[in-house]
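# Architecture at a glance
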Amino acid sequence: MEHNSKYTSEQEEGQEQPKEDKSSPLMEKIQQLGQTNVPQLSQDSKIHCLTIVGQIEGHLQLPPQNKTTKYEHLIPQIVAIEQNPKIEGLLVILNTVGGDVEAGLAISEMLASLSKPTVSIVLGGGHSIGVPIAVSCDYSFIAETATMTIHPIRLTGLVIGVPQTFEYLDKMQERVVSFVTRHSNISEEKFKNLMFEKGNLTRDIGTNVIGTDAVKYGLIDEVGGIGQAMRKLDELIEINKNNSEELIQ
Amino acid sequence: MILYTMMPQELVFPSDNNEFGKQKHIMHEGIPLIVEETGEQRYRVVRNLSSEPNHFLDQRFSPGAMISIH
């Protein structure tokens, strides 16, 4: 032990003492990122990545302390990805608690109608309206530990007072159910069963589906992470390329 | 005080309007960013909104980096 400490003190004497008050660019970087450097790539990437994190923000702007994904940010990006010929594929990463139904459905429809290959990964959580977004892509992955909460639509803060409001909610519910069943292998019956299941969520109806279960129910295609997702996306891009070449010939 | 309600927190306690003013959405060198004003024409990057993965490798726009806009 003593030998060690002597060695370090000698080493320190030999080196110049860095001034602590003056923050070097390296120190700043460590404070900001918790790391010193990240690899630099020169050319533009042919795969773009959308991260859907926090709450999906709809018509009501949430205070800045909330981490949100805004549809007015995402939708123009999806348009740009669609029209840029250099971009060949899109990776969607989800870790969301859900949020605005209409905004979530808007993002889902945009992703589903994108002509380029899309792959989604659910990491951590893809709850509530995150479910249609996850299934909207051509192929979906879920991390083994990730969860998805399936539950009926609610509007918090509003009291259902008239039958019309209830009917409206019911129709909204139907839109979500039909979107999910159209874009995944889950049957409507199974999805509704999970949605109205009792006893899974404390004092609430719905189901919290974990990684492998989501695949078992047919909601998600495969359990996996970033490696598998990128490989799948490359594969889909290759198929897409071959198809378009055949069309030209 | 304990408040039992279905209402979302932001409806019960509306936040100050100037809270929204602190953060801004800007395009800087072709990269969409959410920034927070720290001084005159000095901004701290809060979030990089780009979908291009390479933009996240550029340390000038990483969260926490300071940028100045003229």
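Numbers given to residues run from 1 along each chain, matching the order in which its sequence is written. Ligands are numbered from 1 and chains lettered from A, in the order in which they are written. In keeping with the predicted nature of the model, local features appear solely for residues at pLDDT of at least 70, side-chain atom pairs appear and are counted solely at 80 or more, and the whole-chain, interface and lining totals rest on all residues. Heavy atoms from the whole structure form the basis of all side-chain values; hydrogens and water molecules are not counted.

Turning next to the nonpolar core. Residue and element names in this part refer to chain A. Nonpolar core, defined: a set of buried Ala, Val, Leu, Ile, Met, Phe, Trp, Tyr and Cys residues in which side-chain atoms within 4.5 Å join the residues together. Accessible area is worked out with a 1.4 Å probe on protein chains only. A residue is then buried under 20% of its type maximum, exposed over 50%, and partly exposed in between. Core analysis: the largest hydrophobic core is formed by 43 residues, its most contacted members being Leu111, Met148, Phe191 and Leu219. Note on definitions: a residue-residue contact is assigned when non-hydrogen atoms from the two residues lie within 4.5 Å. When residues no more than four places from it in sequence are discounted, the contact partners of methionine 148 are Val122, Gly126, His127, Val131, Ala134, Ile142, Thr207, Asn208, Val209, Ala214, Leu219 and Ile220. Ile47, Leu91, Ala229 and Leu236 belong to the second largest nonpolar core, which has 12 residues in total.

With that out of the way, let us pick up the confidence of the model for chain A. Residues and elements named next belong to chain A. Confidence of the predictor at the level of single residues is captured by pLDDT, which takes values from 0 to 100. Here chain A averages 83 in pLDDT, while 80% of its residues score no lower than 70. When pLDDT is averaged over each element of chain A, strand β5 (residues 139-142) comes out on top at 96 and helix α1 (residues 2-14) at the bottom at 47. Per-residue pLDDT stays below 50 along residues 5-21; that stretch engages in 1 contact with residues further than four places along the chain or on separate chains. For the purposes of this entry, the term helix denotes a DSSP run of H or I that reaches at least four residues, the term strand denotes a run of E that reaches at least two, and both are numbered from the N terminus.

This part takes up the packing of helix α3 (residues 71-83) of chain A against helix α4 (residues 101-112) of chain A. Residue and element names in this part refer to chain A. Between α3 and α4, the shortest axis-to-axis distance is 10 Å and the interhelical angle comes to 10°. Taken together, the axes of α3 and α4 lie roughly parallel to each other. Here Tyr71, Leu74, Ile75, Ile78 and Val79 of α3 come into contact with α4, specifically with Ala103, Ala106, Ile107, Met110 and Leu111. Note on residue classes: Ala, Val, Leu, Ile, Met, Phe, Trp, Tyr, Cys and Pro are nonpolar, Asp, Glu, Lys and Arg are charged, and everything else, Gly too, is polar. Counted by class, the contact of α3 with α4 contains 10 nonpolar, no polar and no charged residues. To get an axis, fit a line to the C-alpha atoms, keeping to the stretch in contact for a helix; angles then go from 0 to 180 degrees between the N-to-C directions. Here roughly perpendicular refers to angles of 65 to 115 degrees, roughly parallel to angles under 35, roughly antiparallel to angles over 145, and oblique to all remaining angles.

Turning our attention to the packing of aromatic side chains. All names here are of chain A. Between the rings of Phe, Tyr and Trp (Trp by its six-membered ring), a pair exists once the centres lie within 6.5 Å; its type follows the angle of the planes, with under 30 degrees stacked, over 60 edge-to-face, and the other angles tilted. All chains considered together, the criterion is met by 1 aromatic pair over all chains. Relative to phenylalanine 141, the ring of tyrosine 139 lies with its centre 5.3 Å away and its plane at 55°, an arrangement referred to as tilted. In this structure, tyrosine 139 and phenylalanine 141 share a single accessibility class: buried. Whether a charge sits over a ring comes down to the Lys NZ or Arg CZ being within 6 Å of the ring centre and within 35 degrees of the ring normal. Note that lysine 232 overlies the ring of tyrosine 139, its terminal NZ or CZ placed 4.3 Å from the centroid.

With that out of the way, let us pick up helix α6 (residues 163-183) of chain A. All names here are of chain A. Its 21 residues place the ends of α6 30 Å apart at the C-alpha level, agreeing with the 30 Å of an ideal helix rising 1.5 Å per residue. Of all the residues in α6, the buried ones are Leu169, Met172, Gln173, Val176, Val177, Phe179, Val180 and Thr181. As for α6, its buried residues are in contact with α4, α5 (130-136) and α7 (188-195). Multiplying one less than the number of residues by 1.5 Å gives the expected span of a helix.

With that settled, the discussion passes to the pairing of strand β1 (residues 47-57) of chain A. Residue and element names in this part refer to chain A. Burial of β1 is extensive: 8 of the 11 residues sit out of reach of the surface. Each pair of strands is called paired provided DSSP finds at least two bridges between the two strands. Where β1 lies against strand β3 (residues 89-99), 10 bridges are found, and the strand directions are parallel. Among the inter-strand pairings, histidine 48 is bridged to a residue of β3, identified as leucine 90. As paired strands, β1 and strand β2 (residues 68-70) are joined by 3 bridges and run parallel to one another. The partner of glutamate 57 across the bridge, within β2, is lysine 70.

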